[in-house]
Amino acid sequence: MDLLPRSPGEFGSARYWDRFFRQRGQRPFEWYGAFPELCPVLHKYVRPRDKVLVVGCGNSELSEQMYDMGMCEDVVNIDISDAVIRQMQERSGSKRPKMSYLLMDVLQMDFPDAHFQVVLDKGTLDAVLADEEEATLAKVDKMFAEISRVLQVGGRYLCISLAQAHVLKKAVEYFSQEGWVVRVHQVAGSGDKQQFVLPVFVYVMTKFRKIPGSAPQILEICPEEQDKPMRVESAERLVAAVKDRQHYALLCSQLSKPPCGEQVSLDLCDKESGRPRYTLHVVDSSSVKPSRDNHFAIFIIPQGRETEWLFGTEEGRRQLAASAGFRRLVTVALHREQHYEGMASIQAELSGKVMELAPPGLPARQQVPFVSVGGDIGARTVQHRDTSTLSGEYVIEDVKGDGTCYFRRLIFLRNRNVVQSEARLLAPVPLPGQKKRRKDKKKPSPAGPPAAIDKSYLCCEHHKAMVAGLCLLGGPNPLPGTPLAVLVVGLGGGSLPLFIHDYFSQAHVAVVEIDPSVLEVATRWFGFSQDDRMRVHVSDGLDYVAKLAAEAPAQYDAIMFDVDSKDLMVGMSCPPPAFVEKPFLHKVKTILKPEGVFMLNLVCRDARLKESVLATLREVFPLLYARRIEEEVNEILFCQPSPEGWRDPMELEARARALEGALRQPGHPWDSSYVLADMLQAIKIL
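Residues numbered from 1 in each chain as written. Predicted model: local features only at pLDDT ≥ 70, side-chain atom pairs only at ≥ 80, totals over all residues. Heavy atoms only, no water.

Looking at an unreviewed UniProt entry, one finds the protein named eEF1A lysine and N-terminal methyltransferase and attributed to Pandion haliaetus. Of the protein, the UniProt comment under Sequence similarities (unreviewed entry) reads exactly: "Belongs to the methyltransferase superfamily." (UniProt positions renumbered as here; feature names shortened; annotations may be inferred.)

### Digging into the overall build of the protein
When helices and strands are tallied, the protein shows 19 helices and 26 strands. Residues classed as buried in the protein amount to 51% of the 686 residues present. (Helix = DSSP H or I, 4+ residues; strand = E, 2+ residues; numbered from the N terminus. Buried < 20%, exposed > 50% of the residue type's maximum accessible area, 1.4 Å probe, protein only.)

### Things to note about unusual backbone geometry
Following Cys 574, the chain continues into Pro 575 via a peptide bond in cis, with omega recorded as -5 degrees. Positive phi values are uncommon outside glycine, yet Ala 114 reaches one of about 50 degrees. Among the structural elements, Ala 114 can be located in the loop between strand 3 (99-103) and strand 4 (116-122). Phi is positive for Ala 554, which is not a glycine, with a value near 50 degrees. Inspection of the secondary structure puts Ala 554 in the loop between helix 15 (541-551) and strand 22 (556-561). On the accessibility criterion, Ala 554 (38% relative accessible area) is partly exposed.

### Details of the side chain of Asp 79
Mapping Asp 79 onto the fold places it in strand 2 (residues 74-79). Once residues lying within four places of it in the same chain are set aside, the contact partners of Asp 79 are Gly 56, Cys 57, Gly 58, Val 84, Ile 85, Leu 102, Leu 103 and Met 104. (Contact = heavy atoms within 4.5 Å.)

### Here's the deal with the pattern of salt bridges
Tallied over the entire structure, the rule returns 32 salt bridges. With its nearest N and O atoms 2.8 Å apart, the salt bridge here joins Asp 564 to Arg 414. Placement of the pair is Asp 564 in the loop between strand 22 and strand 23 (572-574) and Arg 414 in the loop between strand 17 (406-412) and strand 18 (421-424), with a sequence separation of 150 residues. A relative accessible area of 18% means that Asp 564 is categorised as buried. Among the ionic pairs, Glu 461 bridges to Lys 464, the shortest N-O distance being 3.5 Å. Placement of both Glu 461 and Lys 464 in helix 12 (residues 461-468) is noted, with a separation of three residues, approximately one turn of the helix. (Salt bridge = Lys/Arg side-chain N within 4 Å of Asp/Glu carboxyl O.)

### Topic: helix 2 (residues 35-45)
Spacing of three or four residues puts side chains on the same side of an α-helix, whose turn is 3.6 residues. Where helix 2 is concerned, the buried positions are Phe 35, Leu 38, Cys 39, Val 41, Leu 42 and Tyr 45. For helix 2, the secondary structure elements touched by its buried residues are helix 3 (62-68), strand 4, strand 5 (151-161), strand 6 (181-186) and strand 7 (201-206).

### As for empty space enclosed by the protein
The full count for this structure, using the stated rule, is two cavities of 30 Å³ or more. Estimates place the volume of the largest cavity at around 60 Å³. What lines the largest cavity is simply Ala 423, Ile 453, Asp 454, Lys 455, Tyr 457, Leu 458, Ser 495, Leu 498 and Phe 526. Among the residues making up the lining of the largest cavity, the classes are represented as six nonpolar, one polar and two charged. In this structure, the second largest cavity is lined by His 384, Tyr 394, Glu 520, Val 521, Arg 524 and Trp 525. Of the residues belonging to the lining of the second largest cavity, the class tally is three nonpolar, one polar and two charged. (1 Å grid on protein atoms, 1.4 Å probe; cavity = no way out; pocket = protein on both sides within 12 Å on 5 of 7 lines; lining within 4 Å. Points joined across faces, edges and corners; volume = space filled by probe spheres on them. Nonpolar A, V, L, I, M, F, W, Y, C, P; charged D, E, K, R; others polar.)

### Thoughts on the nonpolar core
Note on soluble globular proteins: their nonpolar side chains tend to be buried together. Ile 500, Phe 504, Phe 528, Met 560 and Met 599 are the most contacted members of the largest nonpolar core, which totals 45 residues. Val 76, Phe 111, Phe 175 and Trp 180 belong to the second largest nonpolar core, which has 43 residues in total. (Core = buried A, V, L, I, M, F, W, Y, C linked by side-chain atoms within 4.5 Å.)

### Structural notes on the sheet that holds strand 11 (residues 276-284)
Reading across from one edge, 10-11-13-12-14 is the order of the five strands in this open sheet, with mixed pairing throughout. The outermost strands of the open sheet, each flanked by one partner alone, are strand 10 (264-269) and strand 14 (370-371). Sheet analysis places strand 12 (residues 296-300) next to strand 14, joined by two bridges and oriented parallel. When the bridges of strand 14 are listed, Phe 299 appears paired with Val 371. (Pairing = 2+ DSSP bridges.)

### Looking at the side chain of Gln 640
Summarising the element assignment, Gln 640 is placed in strand 26 (residues 635-640). Classification of Gln 640 as buried rests on a relative accessible area of 5%. One polar contact links the side chain of Gln 640 to the main-chain carbonyl oxygen of Leu 472, over a distance of 2.9 Å. (Polar contact = N/O pair within 3.5 Å; in protein donor to acceptor, adjacent residues only side chain to side chain.)

### Here we look at the state of the cysteines
Tallied over the full model, the rule gives zero disulfides. Cys 460 provides the cysteine sulfur closest to Cys 459, a residue in no disulfide bond, and the two sulfurs are 6.3 Å apart. The class for Cys 459 is buried, based on a relative accessible area of 14%. (Disulfide = S-S within 2.5 Å.)

### A look at the packing of helix 12 against helix 13 (residues 495-503)
Across the interface, helix 12 lies against helix 13 with an axial gap of 10 Å and an inter-helix angle of 35 degrees. Considering only the axes of helix 12 and helix 13, their crossing is right-handed. On the side of helix 12, the interface is formed by His 463, Met 466 and Val 467, while helix 13 contributes Ser 495, Leu 496 and Phe 499. Grouping the amino acids of the contact of helix 12 with helix 13 by side-chain chemistry returns four nonpolar, two polar and no charged. (Axes fitted to C-alpha atoms, helices over the stretch in contact; angles between N-to-C directions. Left-handed = near helix turned anticlockwise from the far one by under 90°.)

### Brief notes about the sheet that holds strand 7
Taken together, the nine strands give an open sheet; going across it, the order is 3-2-1-4-5-7-6-8-9, and neighbouring strands pair in mixed fashion. With partners counted over all chains shown, the strands left at the sheet margins are strand 3 and strand 9 (230-232), one partner each. If you compare each strand with its neighbour and ignore which way they point, the axes differ by 20 degrees on average. Two strands pair when backbone bridges link them, and strand 2 and strand 3 are joined in this way by five bridges, in the parallel orientation. Residue Ile 78 lies in a different strand from strand 3, and its bridge partner there is Leu 102. The sheet strands contacting helix 4 (residues 82-92) are strand 2 and strand 3, and the helix crosses strand 3 at an angle near 160 degrees.

### As for the environment of Pro 483
Looking at where Pro 483 falls in the secondary structure, it is placed in the loop between helix 12 and strand 19 (484-489). You can call Pro 483 exposed: its relative accessible area is 57%. A sequence separation of 23 residues divides Pro 483 from Gln 506, and the C-alpha atoms of the two residues are 4.5 Å apart. Look past the residues within four positions of Pro 483 in its chain and what remains in contact with it is Gln 506 and Asp 557.

### As for the pairing of strand 1 (residues 51-55)
Two faces, one strand: in a regular strand the side chains alternate between the faces of the sheet. Counting buried residues in strand 1 gives four out of five residues, a clear majority hidden from the surface. Pairing between strand 1 and strand 2: five bridges, direction parallel. Within the sheet, the bridge partner assigned to Val 55 lies in strand 2 and is Ile 78. Each parallel crossover has a hand, and the one from strand 1 via helix 3 to strand 2 is right-handed. Sheet topology places strand 1 next to strand 4; four bridges connect them, and they run parallel. (Right-handed = clockwise from strand over helix to strand, strands pointing away.)

### Here we look at the confidence of the model for the protein
Low-pLDDT stretches of the model should not have their predicted coordinates read in fine detail. Overall, the predicted model of the protein reaches an average pLDDT of 83, with 82% of residues at or above 70. Within the model, the stretch residues 190-194 combines pLDDT values under 50 with four contacts to residues more than four positions away or in other chains. Low pLDDT (under 50) marks residues 439-447, which in the prediction has one contact with non-local residues, meaning those over four places away or in another chain. (pLDDT = per-residue confidence, 0-100.)

Pasting the structure below:
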């Protein structure tokens with residue numbers, strides 16, 4: 001039996017609906033939204049003494065159920081199908097004396113003006129507005145005008161809808177321009193999940209007298225989990241908010257099926273500000289064998305650690321889920337703009353929502369554990385927030401790492417999941433003669449991080465690789481007492497040039513940084529300073545190198561590029577594409593001494609682009625080898641202008657050991673094994 005219309009236009013045809021209801025028979029056709037789900041919303045806007053008009057009633061039981069529950073006493077139902085009106089008159093009979101069924105078109109109603117307090121529409125607008133053709137939109141305008149005419153001032157038009165974007169936008173724009181208050185409710189637990197994936201919404205349009213001039217629009221949304229409406233600033237934002245909830249419903253439907261292997265992510269926003277509060281990643285692990293207690297768990301990522309490989313990458317999260325031993329793991333990242341009381345409050349806040357992401361087959365009343373590293377949510381303190389004209393908004397924050405270590409970070413918010421610069425903070429040292437106070441069990445020790453920067457510690461693995469690359473220099477061993485001329489393009493927090501300056505006592509370091517705000521940040525927050533062996537030039541690196549190539553060639557032993565790209569649309573985030581173009585690389589080679597080394601931090605996710613960059617570098621530098629940073633996208637490229645290079649692996653290893661030995665001072669945390677690993681890797685490639 002084919003009940004579907006041949007074209008969208010048939011939804012407005014009385015002949016189609018007569019055929020539909022004759023073929024369907026007496027069985028009620030509800031489209032979507034059962035009375036128990038709709039009742040909590042309808043109860044707010046329908047009073048027992050209201051005169052209620054139901055437009056396009058069909059053979060739905062909704063108005064009968066409202067009448068029988070005492071929600072309303074005076075109800076008029078209209079429809080364009082003579083077949084369904086006669087069917088409903090027979091079904092209702094004398095059981096509901098104040099309920100009537102009339103054959104009438106909503107586009108041309110016979111009622112007097114201001115006759116009803118409520119107009120109820122379940123699916124009629126969705127059926128009429130089946131497309132966005134000019135004739136259809138004109139028909140909808142006529143329908144809205146008639147509804148407006150028969151409603152009293154203060155009356156409510158309640159429209160139950162699946163809220164397709166064009167339907168919602170049309171209703172919101174029409175009635176808000178007429179000066180009505182528009183509120184959209186999401187119906188809690190709406191629909192049979194097997195039949196309907198999308199949630200049901202109720203538009204509540206309240207009629208007010210139109211005020212001449214430009215009165216402010218009042219647009220609100222009520223998510224299913226809260227009664228308090230949230231104000232939105234425009235029709236576009238309201239449509240977007242509804243769309244977000246529809247996407248969430250589709251996502252939950254997808255997650256209710258057997259795992260597909262793809263990781264799903266979503267943001268849960270703060271109810272007041274609308275800003276993201278939690279970022280969730282749903283990770284299914286097929287390698288974990290099912291058991292009674294390992295179906296599902298929630299992992300809270302400690303604040304400030306969401307950028308680490310284990311938590312910030314797909315592969316890392318997959319490894320985390322497998323090692324945790326759960327079939328489905330939801331990782332939860334906490335946002336820096338938000339405040340969190342502790343694990344218990346986060347659990348209370350998220351418990352209801354995360355259960356919607358549970359895997360299929362989760363046993364009833366299964367306890368879902370919330371876990372974290374050491375059961376702690378970590379600590380994050382935003383020390384400073386500002387905006388750079390070149391790099392945009394940024395924050396300086398102190399975060400707690402493993403154990404008692406704290407780290408200071410610079411993060412540009414245009415790419416908030418990437419740590420731009422990082423430095424370890426020193427634990428406070430007691431003054432000479434100062435006795436340690438005995439711990440007072442009653443008074444908690446202050447939780448704040450220390451303030452002094454540990455300049456001896458390189459947090460970034462690619463910075464360690466660059467320092468190790470100094471072994472490749474020709475001539476005498478690059479021990480700390482050897483004179484060196486080093487150019488660093490890209491300052492960041494200044495950790496790399498500071499380390500070279502402090503541990504190579506005869507090194508003269510020139511730093512080029514395009515953004516004056518970054519120099520201010522490095523000086524104020526990361527302990528960076530200049531002297532006669534360290535100078536910062538606020539300039540574009542491209543211009544600075546070009547000028548040096550023209551004026552003073554062959555002057556640097558080592559050149560290091562650690563500069564990010566401001567264009568997030570390019571598949572290479574470091575360096576900007578102009579820095580690896582052939583003419584510019586020739587200028588870099590010009591200012592490098594014949595036995596020198598050029599080091600480039602390459603961060604490129606585009607395989608073709610990466611191959612192109614490597615091919616260009618090989619055309620300019622006869623020797624090129626790479627050091628991949630484990631568990632990161634970064635790759636350090638070591639380029640030398642001489643085709644000879646290092647042919648004796650024994651000598652190269654000896655130089656590496658000499659460098660790491662010189663750097664291993666008492667109490668110094670430098671990981672010497674990393675230096676050797678870098679050099680041995682280089683030997684293999686050579």
